[in-house]
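Structural description and commentary
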Amino acid sequence: MTILCLIVRFIISALVLIVLSFILPGFAVVGFGGALLAAVVIAILGYVVEAIMGKKISPQSRGIVGFIVAAIVIYVAQFFVNAMTVSVLGAALAAIVIGIVAAFVPTELR
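To keep things clear, this report deals only with the structure shown in the data block. Note that the coordinates shown come from a computational prediction; the quantities given were computed from them, not determined experimentally.

Cut-offs and rules
Every chain is numbered on its own, with residues counted from 1 as its sequence reads. With the structure being a predicted model, the display of local features is reserved for residues of pLDDT at least 70 and the display and counting of side-chain atom pairs for 80 or more, all residues being used for whole-chain, interface and lining totals. To get the side-chain values, all heavy atoms of the structure are used, and hydrogens and water are removed first. Helix and strand assignments come from DSSP, with helices taken as H or I runs of at least 4 residues and strands as E runs of at least 2, each series counted from the N terminus. Only protein chains enter the calculation, and the probe is 1.4 Å; a residue is then buried if its accessible area is under 20% of its type maximum, exposed if over 50%, and partly exposed in between. Note on contacts: a residue pair qualifies if any of its non-hydrogen atoms lie within 4.5 Å across the two residues. Under the convention used here, a 1.4 Å probe and the Shrake-Rupley method define accessible areas, while residue burial counts only the protein chains that appear. When the centres of two rings from Phe, Tyr and Trp lie within 6.5 Å, Trp using its six-membered ring, the rings pair. Their planes under 30 degrees apart give stacked, over 60 give edge-to-face, and anything left gives tilted. Over a ring means this: the NZ of a Lys or the CZ of an Arg is within 6 Å of the ring centre and within 35 degrees of the ring normal. Every angle, taken between N-to-C directions, lies between 0 and 180 degrees, and every axis is a line fitted to C-alpha atoms, over only the stretch in contact when it is a helix. Orientation categories follow fixed angle ranges, with anything under 35 degrees roughly parallel, anything over 145 roughly antiparallel, 65 to 115 roughly perpendicular, and all other angles oblique. In this scheme, a crossing is called left-handed if the near helix is turned counterclockwise away from the far one by less than a right angle; it is called right-handed if the turn is clockwise. Three classes are used: nonpolar for Ala, Val, Leu, Ile, Met, Phe, Trp, Tyr, Cys and Pro, charged for Asp, Glu, Lys and Arg, and polar for all others, with Gly counted as polar.

**Let's talk about the overall build of the protein**
The helix and strand tally for the protein stands at 4 helices and 2 strands. Each helix and strand of the protein, placed in order from N terminus to C terminus, yields the pattern α-β-α-α-β-α. Per-residue burial over the protein gives 33% buried out of 110 residues. Long-range contacts, defined as pairs at least 24 residues apart, comprise 58% of the intrachain contacts of the protein with a sequence gap of at least 6. Accessible surface, the protein as shown: approximately 6700 Å² in total, 77% of it carbon and sulfur.

**Notes on the packing of aromatic side chains**
Overall, the coordinates contain 1 aromatic pair when judged by the stated rule. Taking 5.7 Å as the distance between ring centres and 80 degrees as the angle between the ring planes, the aromatic pair formed by Tyr75 and Phe79 counts as edge-to-face. The ring of Phe10 has Arg9 lying over it, and the distance from NZ or CZ to the ring centre is 6.0 Å.

**Overview of the packing of helix 3 (residues 64-77) against helix 4 (residues 88-104)**
Any two packed helices are characterised by how steeply their axes cross, that is the angle between the axes, and by the distance between the axes. Across the interface, helix 3 lies against helix 4 with an axial gap of 8 Å and an inter-helix angle of 125 degrees. With respect to helix 4, the axis of helix 3 lies oblique. Crossing geometry of helix 3 relative to helix 4 is assigned as right-handed. Taken together, the residues of helix 4 that come into contact with helix 3 (itself represented by Phe67, Ala70, Ala71, Ile74 and Tyr75) are Val88, Ala91, Ala92, Ala94, Ala95, Ile96 and Ile98. Here the residues of the contact of helix 3 with helix 4 are counted per class, giving 12 nonpolar, no polar and no charged.

**Structural notes on the environment of Ala38**
Within the element layout of this structure, Ala38 appears in helix 2 (residues 31-53). Accessibility expressed as a relative area gives 0% for Ala38, which makes it buried. Sequence-wise, Ala38 and Phe10 are 28 residues apart; in three dimensions their C-alpha atoms are separated by 9.5 Å. Discounting residues that sit within four places of it in the chain, Ala38 has contacts with Leu17, Val81 and Met84.

**Here we look at the environment of Ala70**
By secondary structure assignment, the location of Ala70 is in helix 3. Distance in space between the C-alpha atoms of Ala70 and Ala94 is 8.8 Å, their sequence separation being 24 residues.

Treat this as a map of the structure, not an account of what it does.
Here it is as structure tokens:
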């Protein structure tokens, strides 16, 4: 994957997070810079979880375990990004929406 593809991926992820902050209760990201930072932090946390636990537990995996891990990753990301606040319900709803988006737009790094 080229650096340009990676940058485009993070910009699209940031735009998705901004849209989610408008439509989901308990999920807020302030500004594009905050959303971009949140997208990077979520990607790094997802990578760390996948590296420690294996691919079957990664946020990209299908099923309830992947959903729970994705919700936890989103919830924990708020502690690293000052421009992001997430409730438990907001993290769960965001994990559902992001899972649906990921089903149609593959974003896994190869």
